Amino acid sequence: TDVICCVLFMAAIVGYMTIGVLAWLFGDPRHVFFSRNSTGMFCGAGVNINEPNVFYIDILKCDTETNEMATTLKGHQCPTTQVCVKECPSEFWKLPPEAYASDALPKDFFQQKYCDPSLDLVHTTLTVQDILDQELCPYFYTPTLGRCLPSFDPKHVPADFILPGLSTVDDTVKHIKNAMGSLVSGLNSKSVGVRVFEDFATSWYWILIGLLAAMIISVVFMLLMRYWVSLLVWLLIVGVLAVGAYGIYHCYWEYNNYRHSKLTLGDLGFNSKFSVYLQVKETWLAFLVILCLVELVLLLLLKSLGNKISNALALLEESSRAVSYVMSTLAYPLVTFILLVVCVCYWGVTSLFLATSGAPVYRAISLNSSIANCHSITGLENCLPQTFNALAYSTCPTVHCVFFKYDDEGFFQRNAAYLQIFNVLAFLWCVNFIIALGQCTLASTFATFYWAFSKPDNIPPYPLLQAFIWTLRYHVGSMAFGAVILTLFEFPRIFLEYLDHKFRDCQNSCCRFVKMSLKCCFWFLNKFLKFVNRNTYIMIAVYGDSFCVSAKNAYMLLMRNIGRVVILNNVTNMLLFFGKLLVAGSVGILATAFFSGHITLPDATFQAELLHYYWVPIIMVAVGAYLIAQGFFSVYSMCIDTLFLCFLDDLERNNGTTQRPYYMSRSLMRILHQSEN
């Protein structure tokens, strides 16, 4: 079906792979993961594999406000010698006055590890001043963080730490701070990410255990639904109401304790510790009102739905029966997950290689512009380190060929932005296709179950495998058609998010109104298209028609039974959502107690005190548990939708006579008030 879409999709895949190959040829991700020294060599890779850090010989020359050469280079590069070092300095040091004596030996004052590798301090014939003029060794350094960038408390600077040409310690500190500018503050913000990564490295084993527990709970819940679905659902409903009632009681009790307190939220302002807000009565009053409203809405829903819950339970029971006959469907979310991981990894690697495409560009610069004959070196002349001849600039002994930036003038580089857009579009198309493949495969499997007149005798062997093969053999074009429709409407949403990020400072009321209106419209449109596509894939799985024909048939069938659709679809989705919350909530509560230190292990294999942010593993476990539950419950959700659509079609095509008997089960027929002939 939809052969043209199938051909276009295959062509897009071939184009996507071609872009990936070109990106692999032209890109170099080392540009992102490693820093370069002055010669363009990577620090932490190749010959410098044991020297991952970049050390700046004279960090003061990085200041674009005071250094003309740094201004010429537009901040792309610091006009000072940069060397790869194994470890960054951890103390204050400056060249002592006696080093400037004519008989001073460089090896007595400099450290080889912080000097240019081309300089041998033991055998050099250069004087200390010659080394300083050519910037082969530093004349000072300070304690550093991360990539050898100064980081120190001004109060801890030694009283004699005054650099040449400056009069006081304060002037020295000021010049160093100005040279660093926003670079140090940027690294300080990144240090939060470093600490988060450290927390993950400390607790990853226990995070995996939490996710494994979520998977076990989900599987057990699925198995229990096969036999006691009604009991579980009612226990779930009562449990949610009971938790809400206890929350109301607890909030009222806390509010009563702080009722006479004069502290208000206005007095606190912004505070990074959430526990501070729990000492204010207004916080507990807000929680109390919210919980009361939620509890009231749930009670009104239960009262208004009445016997509709019984109808939803009938579908759940039939779905449990279908899943029990084809247990392999519970494992299919793993297939979808693996395919999505492959797709995401390919998109990420391609994006990285596209972003790092371009050969390195080198410029001839003077490391010491104060020398009279070096004023002619403007920093605008390109060069190559392999063929650079410093003797051609004999009048300026400090000239060097240093790395400047990556070339962005080539044909491939000029069109990299368009290739990135195609990369995103192809990625979204592939992701939506993978989701469509899963939905169509499961729909075909459960449709096979429903339309088997005698269950399980008429169910073919390996129905999931057969459905997967049939879907790939006959309906790639239809799935690609539905996937591209979603992609064309998802891309504007992503573009709107990008514009929102770029113009987040825009406070104009009209601008915000238009922005939020467009977001809302695209969100609703996206939800509607997903609903239509889901039911279209079911009709494709049942009848094998093209996408447009199946979409029309599914839409008309649903519209003719809109009352049943709205009630049963919302009720079953609500019940399944409660099940997901049960899995994620139970695992999240245990994770909170464990990672916050309330549950301790006897052998002290894990210490919560070692975590910088204990909420990092808690969030990972809770979100991961919800996604795992979503994967398992999505099988039930697809089964319910398929059986429900088949049931509606069964009602219209058959009348229960011996010539045209119903295919639905007797329990489903009885609960939905259909005649039992």
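Residues numbered from 1 in each chain as written. Predicted model: local features only at pLDDT ≥ 70, side-chain atom pairs only at ≥ 80, totals over all residues. Heavy atoms only, no water.

In the annotation of an unreviewed UniProt entry, the entry for the chain reads Choline transporter-like protein, and the organism field reads Pygocentrus nattereri. What UniProt states about the chain under its Sequence similarities (unreviewed entry) heading is, verbatim, "Belongs to the CTL (choline transporter-like) family." The Function (unreviewed entry) comment attached to the chain in UniProt states, word for word, "Choline transporter." (UniProt positions renumbered as here; feature names shortened; annotations may be inferred.)

Just give me the short version of the environment of Ile-599, but keep the residues and values in it.
Turning to its location among the elements, Ile-599 is positioned in the loop between helix H17 (562-595) and helix H18 (615-653). If we ignore the near neighbours within four places in the chain, the residues touching Ile-599 are Ala-593 and Phe-594. (Helix = DSSP H or I, 4+ residues; strand = E, 2+ residues; numbered from the N terminus. Contact = heavy atoms within 4.5 Å.)

Describe the pairing of strand S3 (residues 53-56), and please don't skip the residues or the numbers.
Two faces make up the sheet, and in a regular strand the side chains alternate between them. Side chains Asn-53 and Phe-55 of S3 all project onto a buried face; the interleaved residues Val-54 and Tyr-56 project onto the opposite face, where all are buried too. Relative to strand S4 (residues 82-85), S3 runs antiparallel, the two being bridged by 4 bridges. In the strand pairing of S4, Val-54 is matched with Cys-84. (Buried < 20%, exposed > 50% of the residue type's maximum accessible area, 1.4 Å probe, protein only. Pairing = 2+ DSSP bridges.)

A description of the environment of His-123 should follow, citing residues and the corresponding values.
As for its placement among the helices and strands, His-123 is situated in the loop between strand S5 (93-94) and helix H4 (128-133). You can call His-123 exposed: its relative accessible area is 63%. Taking the C-alpha atoms as reference points, His-123 and Lys-107, 16 residues apart in sequence, are found 8.9 Å from one another. Engagement of the side chain of His-123 in a polar contact is seen with the side chain of Asp-120, the distance being 2.8 Å. (Polar contact = N/O pair within 3.5 Å; in protein donor to acceptor, adjacent residues only side chain to side chain.)

Got a sec to walk through the packing of helix H10 (residues 332-355) against helix H12 (residues 416-450)? Specific residues and values, please.
Across the interface, H10 lies against H12 with an axial gap of 10 Å and an inter-helix angle of 175 degrees. For the element pair H10 / H12, the angle class is roughly antiparallel. Broken down by class, the residue content of the contact of H10 with H12 amounts to 17 nonpolar, 7 polar and no charged. (Axes fitted to C-alpha atoms, helices over the stretch in contact; angles between N-to-C directions. Parallel < 35°, antiparallel > 145°, perpendicular 65-115°, else oblique. Nonpolar A, V, L, I, M, F, W, Y, C, P; charged D, E, K, R; others polar.)

Provide a residue-level description of the state of the cysteines, including the pertinent values.
Applying the stated criterion across every chain yields a total of 2 disulfides. Sulfur-sulfur distance for the disulfide between Cys-43 and Cys-84 comes to 1.9 Å. Here the S-S torsion is close to -75 degrees, and the disulfide linking Cys-43 with Cys-84 is therefore left-handed. Within this pair, whereas Cys-43 is found in strand S2 (residues 42-43), its partner Cys-84 is found in strand S4, the two being separated by 41 residues in sequence. For Cys-43, a relative accessible area of 1% puts it in the buried group. The disulfide partner of Cys-115 is Cys-137, and the S-S distance across this bridge is 2.0 Å. Since a negative S-S torsion denotes a left-handed disulfide, the Cys-115-Cys-137 link at about 120 degrees is right-handed. Taken together, the residues span a long stretch of sequence, with Cys-115 in the loop between S5 and H4 and Cys-137 in the loop between H4 and strand S6 (140-141) at a distance of 22 residues. Neither residue differs from the other here; Cys-115 and Cys-137 are each classed as buried. Unpaired in terms of disulfides, Cys-345 finds its nearest cysteine sulfur in Cys-343, a separation of 9.4 Å. (Disulfide = S-S within 2.5 Å.)

An account of the packing of aromatic side chains is needed here, citing residue identities and associated values.
On inspection of all chains with the given rule, the structure shows 22 aromatic pairs. Judged by centre distance (5.0 Å) and plane angle (45 degrees), the rings of Phe-481 and Phe-547 are tilted. Highlighted residues: Phe-481 in helix H14 (residues 476-502) and Phe-547 in helix H16 (residues 547-560), separated in sequence by 66 residues. Owing to a relative accessible area of 21%, Phe-481 belongs among the partly exposed residues under this scheme. Over the ring of Phe-449 we find Lys-455, and its NZ or CZ is 5.5 Å from the ring centre. Above the face of the Tyr-450 ring, Lys-455 is positioned so that its terminal group lies 5.8 Å from the ring centre. (Phe/Tyr/Trp six-rings, centres within 6.5 Å; stacked < 30°, edge-to-face > 60°. Lys NZ or Arg CZ within 6 Å of the ring centre and 35° of its normal.)

Which residues make up a nonpolar patch on the surface, and what values do they have?
A cluster of nonpolar side chains, namely Leu-212, Met-215, Ile-216, Val-219, Val-220, Leu-223, Leu-224, Tyr-227, Trp-228, Leu-231, Leu-235 and Met-327, defines an oily patch on the protein surface of about 1100 Å² accessible area. Tracing the chain through its elements places Leu-212 in helix H6 (residues 182-257). (Patch = residues over 30% accessible without salt bridge, like charges linked within 9 Å, V, L, I, M, F, W, Y side chains within 5 Å. Areas by Shrake-Rupley, 256 points an atom, 1.4 Å probe, with all protein chains shown as cover. Salt bridge = Lys/Arg side-chain N within 4 Å of Asp/Glu carboxyl O.)

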